[in-house]
Amino acid sequence: MKLRGEPYTFLNMISIQSHHHQLAFLAALLSATAWCFYKSTTLRTQRRESTNLLHSSHLDHYKKPKNQQLKCSSSSSCNCSTSREQPDNSCCRSAKIFFASETGTSEGLARRLLQTLNASSKQLMCSFELVDPSRYEPEDLPKENLVVIVASTWEDGKPPRNSQFLAQWLHESSNDFRVGSTLLTSCKFAVYGVGSSSYGPKTFNKVARVFSHQMEALGAIEILPLCKGDVDTGDLDQSFNHWCIQIIDRLSGLGDRLSSSNLRSIEVASSSKGEDEEEKASDGIEEDSDDDKENNASDGFEEDSDDDKENNDGESVVDLEDIAGKGPSREPPQNGKVGRRRKSFGKTQADVKPLSSMNRVENGERREMVTPVIRANLEKQGYKIIGSHSGVKICRWTKSQLRGRGGCYKHSFYGIESHRCMEATPSLACANKCVFCWRHHTNPVGKSWQWKLDDPLEIVNAAIDEHTKMIKQMKGVPGVTTERLFEGLSPRHCALSLVGEPIMYPEINALIDELHKRRISTFLVTNAQFPERIRILKPVTQLYVSVDAATKESLKAIDRPLFGDFWERFTDSLRALREKEQRTVYRLTLVKGWNAEDIDSYYELFSVGKPDFVEIKGVTYCGSSATSKLTMENVPWHSDVKAFSEALASKSGSEYEIACEHAHSCCVLLARADKFKVNGQWFTWIDYERFHDLVASGVPFGGKDYMAATPSWAVYGAEEGGFDPDQARYKKERRHGSCNGQNRQPIS
């Protein structure tokens, strides 16, 4: 009973009739508390002892002679013993290699790892199996001894489709208090991430980071720190090869370097590097701090908020194909602090001070856009690199018209002389990673200019010099006449569309002036992500905007832009195009199954930019690529392009009509009838001499001031199909199989 003035304690809340009952209740409560504390301490001790035992076993391997017999530790009752030279596989451990892959990059790396590990399976006393996570039951993870994961990060930091169920299971299990932190105690693991740093640090290798955190949260022991591969460095193969070496070294437990035969087995598709670079790549693996991992995995794979995306846009961006990643990327320290220590395979490892950000100023100077590895890759494709960020390359149509075998579609549509056209760019960097990129993403990417700046005069002079050298190499080629070769040595047109985003170059206006001074016309193409640059651009002969899709969703899927506000930038670029007085063009690239059905949506964009012309071209298949899933099935026939163009012209009423076609390029031109159709005749060609006179005069002028009549052979529906009758048509025998049950040859 509660007495007056007595404090109202916890025991008074309970209806207890006697003092003995109170003592009994307290004793039971204290006993339960002591038991819980004991159980928790025991579990922690067991886990620590397990880790120390593993580490101790690992060190024992180093102390044993090479020829000493080893006992299999897979079972306490197993008496098998074997020498290193002749191991007994009957008691080998089993290991799984998972690949989380969307386009096949991670799967290809995982297969290479499997091949490499199988070559060393006897030495490692372990059997390996390649596993597609979509066909694996995650509930079996606690039974695994060793798990190696090669994981790509897909759109918005989400896992690839084949690993979504595994990712969901790990996320739920690691956040379920009922599961506990000892579920995967008997499992060892390592993770190699495949990501793109161009999309910002929040999503870079997010899937691999989250996998690593969640495996560790469930009690699994990480045998090698998380390695974050970057497809943007172009050195992914070499980075992965060094990681494979470290995996084998860690599993072998002997510290012996691999034999030359094993080293050769993992040097597939990778160029050799110097010893210094190999050391850098080998030692360049760094782990996340505990804080980083907690932050990375706190929300699983949830998409960033709009505010986060906006903040991301301001972040500096690493080159896409900087192909200079001599090893995995390293994250800068948080708040100026070096990352905390963490356990990895039973040992404590201090974080190495990260390398400087590749986008920062080095020694008081900006770094060069074109690294030695980028240069090597682009030069292999026929590029002539100019300075530190520009390039020039001879077009196949330039060679074709030099030989008298026909010009490109610009010759048919606008009257350029293809054999006198120079294809160049002052910026190899781009802000998109299009699925149909004909350069296979071997050029850099970025959202702003962050590199050394070359002089525009030097770029123009060097581009002309390199171009003429390539023209001279055509001397003696069958069909090349002295007259055409001499003309080709004096370029009169410049297609600023080779690769990358030309208007990113801060001195683009000065470069255009240098070209116009030499009476070289300019055809500039932009990818519609820099509207402010379009507005300040000086007059060019013809300004293009790539309209690769008609909706926000399809544009994101096709162009894979770096900017979070890509759609707003895209539409604003179209509005900026409308403000131009000179000739403007929408360039549509049709990809069957991706963007070839949105007639209504495309037409809605016409009213935004009011272009003078609309070029509609079928995508060109450039072979297989790890970054693209396009096949020949995505390449439309010329009849498909014509049908799409006719439907689009019909949708516009009489505003746009089909003016020209170039069947050989699978390309059709729509033009504004009110401006370029005079008395029933098309005037899509350009009076280039008139254009240069207008530029030199300094007076305002428009597109109609330098138009010229289109020849009959280039007009849509002509028998020639846009092929110049003064040229000799040369047809190659092509064998692309059948289409709709009939043998047909697509026009490329």
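Undergrad: Residue-level account of the pairing of strand β20 (residues 667–672), with values.
TA: For β20, the tally of buried residues reaches six of six residues, placing the bulk of the element in the interior. Burial along β20 is two-sided: the face carrying Cys-667, Leu-669 and Ala-671 and the face carrying Val-668, Leu-670 and Arg-672 are both buried. Strand direction decides the pairing type here: strand β19 (residues 656–662) and β20, joined by six bridges, are antiparallel. For Glu-657, the partnering residue across the bridge sits in β20 and is Ala-671. The hairpin formed by β19 and β20 contains four residues between the paired strands, and Cys-666 there has a positive phi angle of roughly 55 degrees.

Undergrad: How would you sum up the nonpolar core? Please name residues and give values.
TA: Formed by 76 residues in total, the largest nonpolar core has its most connected members in Val-547, Tyr-586, Leu-588, Ile-616, Leu-648 and Leu-670. Apart from the residues lying within four places of it in its own chain, the contact partners of Val-547 are Phe-570, Leu-574, Tyr-586, Arg-587, Leu-588, Thr-589, Tyr-602 and Leu-605. Residues Leu-113, Phe-128, Val-150 and Val-194 belong to the second largest nonpolar core, which totals 28 residues.

Undergrad: Tell me what's going on with empty space enclosed by the protein, and back it up with residues and numbers.
TA: Any empty space left between atoms is shown by rolling a water-sized probe over those atoms. Within the structure shown, the criterion is met by four cavities of 30 Å³ or more. Put simply, the second largest cavity is a space of about 70 Å³. Along its surface, the second largest cavity is lined by 14 residues, and Ala-424, Ile-459, Ala-463, Leu-496 and Leu-511 are the ones closest to its centre. At the level of secondary structure, the elements contributing two or more residues to the lining of the second largest cavity comprise β12 (390–393), β13 (421–425), α14 (456–472), β14 (493–496) and α16 (508–517). Counted by class, the lining of the second largest cavity contains eleven nonpolar, three polar and no charged residues.

Undergrad: Which residues make up helix α18 (residues 552–559), and what are the values?
TA: Residues of α18 that are buried: Ser-554, Leu-555, Ile-558 and Asp-559. Projected down its long axis, α18 carries its buried residues within an arc of 105 degrees, all on one side. Buried positions along α18 lie against α19 (566–578).

Undergrad: I'd like to hear about the sheet that holds strand β18 (residues 613–618), residue by residue, with values.
TA: Strands sit in the order β11-β12-β13-β14-β15-β16-β17-β18-β20-β19 across an open sheet of ten strands; the sheet is mixed. With one partner strand each, in any of the chains shown, β11 (384–386) and β19 form the two edges of the open sheet. Taken over all neighbouring pairs, the strand axes of this sheet differ in orientation by 25 degrees on average, direction set aside. Of the strand pairs in this sheet, strand β16 (residues 542–546) and strand β17 (residues 583–590) are connected by five bridges, and their pairing is parallel. Within β17, the residue paired with Leu-543 across the bridge is Thr-584. This element, α16, spans β13, β14 and β15 (521–526) of the sheet and lies at about 150 degrees to β15.

Calculation criteria
Along each chain, the written sequence defines residue order, and numbers are assigned to residues from 1. Totals for whole chains, interfaces and linings use all residues, but because this is a predicted model, local features are given only for residues with pLDDT of at least 70 and pairs of side-chain atoms are given and counted only at 80 or more. Note that water and hydrogens are dropped before the side-chain values are worked out from all heavy atoms of the structure. The buried label goes to any residue with under 20% of its type's maximum accessible area, the exposed label to any with over 50%, and the partly exposed label to all in between, with areas taken from a 1.4 Å probe on protein chains only. Each helix is a run of DSSP H or I of at least 4 residues and each strand a run of E of at least 2, with the numbering of both proceeding from the N terminus. Should DSSP find at least two bridges between two strands, the strands are taken to pair. To qualify as a nonpolar core, a set must consist of buried Ala, Val, Leu, Ile, Met, Phe, Trp, Tyr and Cys residues joined through side-chain atoms within 4.5 Å. Contact criterion: two residues are considered in contact whenever any of their non-hydrogen atoms come within 4.5 Å of each other. The method works on a 1 Å grid over the protein atoms by themselves. A cavity is a set of points holding a 1.4 Å probe that cannot get out, a pocket is an open set with protein on both sides within 12 Å along at least five of seven lines, and residues with an atom within 4 Å of a point line them. Grid points are joined across faces, edges and corners, and a volume is the space filled by probe spheres set on the points. Side-chain classes are defined by residue name, with Ala, Val, Leu, Ile, Met, Phe, Trp, Tyr, Cys and Pro counting as nonpolar, Asp, Glu, Lys and Arg as charged, and the others, Gly among them, as polar. Along the arc lie the directions from the helix axis toward the C-beta atoms. For every element, the axis is a line fit to its C-alpha atoms; helices are fit only across the contacting stretch, and the angle between N-to-C directions ranges from 0 to 180 degrees.

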